[in-house]
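# Working through the structure, step by step
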Amino acid sequence: MPSRDLGSYNALISGFSLRRHTLPDAAAALASIPLPPSVVSFTSLLRGYVRHGLLNDAIRLFHQMPERNHISYTVMLGGFLDAGRVDEARRLFDEMPDKDVVARTAMLSGYCQAGRTAEARVLFDEMPKRNVVSWTAMVSGYAQNGKVNLARKLFEVMPDRNEVSWTAMLFGYIQAGQVEDAEDLFNAMPERGRPVAACNAMMVGFGQRGKVDAARAVFERMRERDDGTWSAMIKAYEQNEFLMEALSTFRDMSSRGIRPNYPSVISTLTVCSALAILNSGRELHAAMLRCSFDMDVFAVSALVTMYVKCGNLDKANRVFSMFEPKDVVMWNSMITGYAQHGLGEEALRVFYDMQFAGMAPDSITYIGVLTACSYTGKVEEGREIFNSLCTNSAIRPGAEHYSCMVDLLGRAGLVDEALDLIKNMPSEPDAIIWGALMGACRMHKNAEVAELAARKLLELEPESAGPYVLLSHIYTSTGRWEDASKLRKFISSRNLNKSPGCSWIEYDKRVHLFTSGDILTHPEHAIITKMLEKLDGLLMESGYSADGSFVLHDIDEEQKVHSLRYHSERQAVAYGLLKVPEGMPIRVMKNLRVCGDCHAAMKLIAKITSREIILRDANRFHHFKDGFCSCRDYW
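Since the structure is predicted, the reported quantities are computational estimates derived from the model, not experimental observations.

Cut-offs applied
- Residues numbered from 1 in each chain as written.
- Predicted model: local features only at pLDDT ≥ 70, side-chain atom pairs only at ≥ 80, totals over all residues.
- Heavy atoms only, no water.
- Core = buried A, V, L, I, M, F, W, Y, C linked by side-chain atoms within 4.5 Å.
- Buried < 20%, exposed > 50% of the residue type's maximum accessible area, 1.4 Å probe, protein only.
- Helix = DSSP H or I, 4+ residues; strand = E, 2+ residues; numbered from the N terminus.
- Contact = heavy atoms within 4.5 Å.
- UniProt positions renumbered as here; feature names shortened; annotations may be inferred.
- Axes fitted to C-alpha atoms, helices over the stretch in contact; angles between N-to-C directions.
- Parallel < 35°, antiparallel > 145°, perpendicular 65-115°, else oblique.
- Nonpolar A, V, L, I, M, F, W, Y, C, P; charged D, E, K, R; others polar.
- Salt bridge = Lys/Arg side-chain N within 4 Å of Asp/Glu carboxyl O.
- Pairing = 2+ DSSP bridges.

## Some words on the nonpolar core
The biggest cluster of nonpolar side chains holds 165 residues, and the ones touching the most others in it are M76, L77, M107, L108, L170, V304 and L437. The biggest single contributor to this core is helix α19 (residues 297-309), with 9 residues. Not counting residues within four places of it along the chain, the set of residues in contact with L437 comprises V406, V415, A418, L419, I422, V449 and A453. Judged by nonpolar contacts, the second largest core, of 30 residues, contains Y544, C598, A601 and L615.

## Section: the UniProt feature "repeat: PPR" (unreviewed entry) in the protein chain
The sites that UniProt annotates as "repeat: PPR" (unreviewed entry) are residues 38-68, 69-103, 131-161, 162-196, 226-260 and 327-361. What you have in residues 69-103 is 74% helix and 0% strand, and the ends, taken at the C-alpha atoms, are 13 Å apart. For the annotated span residues 327-361, helix accounts for 74% and strand for 0% of the residues, and the straight-line distance between the end C-alpha atoms is 10 Å.

## So, the packing of α19 against helix α21 (residues 328-340)
Where α19 meets α21, the closest approach of the two axes is 9 Å, and the angle between their N-to-C directions is 5°. Here α21 runs roughly parallel to α19, going by the angle between their axes. Judged by residue contacts, V297, V300, S301, V304, T305 and V308 of α19 engage V329, M330, S333, M334, G337 and Q340 from α21. When its residues are assigned to classes, the contact of α19 with α21 shows 7 nonpolar, 5 polar and no charged.

## Describing the environment of K530
Here K530 is to be found in helix α31 (residues 525-541). Note on K530: relative accessible area 60%, which makes it exposed. The spacing of K530 and A574 is 44 residues in sequence and 9.1 Å in space, taken between C-alpha atoms.

## Focus: the pattern of salt bridges
All told, the structure shown has 24 salt bridges when counted by the stated rule. In this structure, the salt-bridge partner of R121 is D125, at a minimum N-O distance of 3.0 Å. With R121 and D125 both in helix α8 (residues 117-126) and 4 residues apart, the pair spans about one turn of that helix. Owing to a relative accessible area of 26%, R121 belongs among the partly exposed residues under this scheme.

## What to know about the sheet that holds strand β2 (residues 510-515)
Within the open sheet, the 6 strands sit side by side as β2-β1-β3-β4-β5-β6. Their pairing is mixed. Pairing within the sheet leaves two strands with one partner each, and these edge strands are β2 and β6 (628-629). Pairing of strand β4 (residues 613-616) with strand β5 (residues 621-625), which is carried by 4 bridges, proceeds in the antiparallel orientation. Residue pairing for β5: L615 is matched across the bridge by H622. Relative to the sheet, helix α33 (residues 568-579) contacts β1 (502-507), β2, β3 (586-590) and β4, its axis offset from that of β1 by approximately 15°.

## Regarding unusual backbone geometry
For the peptide bond that leads from E324 to P325, omega is -5°, which places it in the cis range. Its place among the elements puts P325 in the loop between α20 (313-322) and α21. Despite not being glycine, E241 has its phi angle at roughly 65°, a positive value. By secondary structure assignment, the location of E241 is in the loop between α15 (227-239) and α16 (243-255). We classify E241 as exposed; its relative accessible area is 67%. In this model, S292 sits at a positive phi of 65°, which is unusual for a non-glycine residue. Within the element layout of this structure, S292 appears in the loop between α18 (278-290) and α19.

Written out as structure tokens, the structure is:
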């Protein structure tokens, strides 16, 4: 520039103050002004310090200023409030020679953010002039602090309302869980004037109440949508277990060129984890890399969990190893992952590495490592860890930890010791603990203790059929058909419902669902049936003999074989053999525990077809390969 005046220098300082790394240049520019700097010069740098959270630098500069105007006071006030230093802000506010509506509203909002709504209301009532922003700040302050009734009373007497006012009140109702009141307010809003934020909030509220159709109706009516709109719809689907719809909505959003935001990524990772659909999870990982979400510890923890639950431990471990610093959730994901895959040594190694790294285990950590000991028969290690938990004053063992120990002892055949542990618990055992004992009784065919556990479960969960189904399995496996028949009649008389066994497999970006005993619903049932018949022949040639004890009804052997053939996991594996390319593992998920007969059949199917089969049931993963299972038949 051939010549520079004070305005030139002020513009330079203002520009440098926009970025944190150029703030030293802004300070240097202020010091180099040949003319006496004006209050604008100082305030430009002051604004930069406040903007980037350098409050101590801002305070130092503020006290050095030869003069201050209303703007410099307001900027410094905002700095104190942003840092939560409300009392210092109030002292500065009292010093201000001119308190306009902006400064008063800022101070009022600061009180509300600190939960000090009574002081905010005093300031509000003292304001000589209020505008819609100050009214909205007070309404929002009440709403954010759970005082929705006071917020609504103030909202009703507002002289003017704008979109922000309506949305603030709506957020208050939803935050307080008063979704019906929020819906009434939403319906009272002029539809043409409904802001996107209000519609998004209403969708979140509907999702929380399970009103997925209502959320979808709002979504469909919106003329404009932002990334928050899409994430609200995805979340409503995900939290109400409309998992395929959530995944489809995420893909629709991506196809429209809308950049995914943090909530939509977390929700969709949760969906991929629940469905164990690895290919979709990989696509989401790629989207995370494009959007730089791979630098966020919470997102990466969810990513690790997704790979674990999809059965790809190698990828989970690579993501886990590359990320620093790790939080306790990420450590827990790896420990639990190894436990679910029956890799007890690896789970223990990560547990000890976690402690060596200085990360304190939490309650979930102990559940994961005790589960690992249970699934791999490490009784002594489990006892040692449980005893260390009991002597750790920071964490009190809860029902889940006792359940893990009961499971650990029960699996190892120590059913009486497990029962003694339950009897000596400091609190009353819950259904989870009795259920763990019930599972051990099934494994070791201990009908006497199973009957005791079933009675306890009836007291705690009178509507659940689960314990009676397990007891029925125990009766049938020991030939007590009459007792099994009586139990089935009892279940029918009480209208107890058992969840039907279903399995699913991902292929060609679709999830194919199979239900036990019902193959005709799949459009390709004819070729699946032929594959099942072919597998039956190959299994017989390999020396397989069906175990009829896993059929609840007293029917002839031929009917039992037929019933076992159409278990949902076998249907899914047959479909995988038809569709999944050679060399690729067949990944199947099941909602219930895999039955013993199917477990034996899967080992042989993996061997005779030279395929790896990864089955995730309700409890854990089973990796079938070359005639063996990763669980070593200890499950």
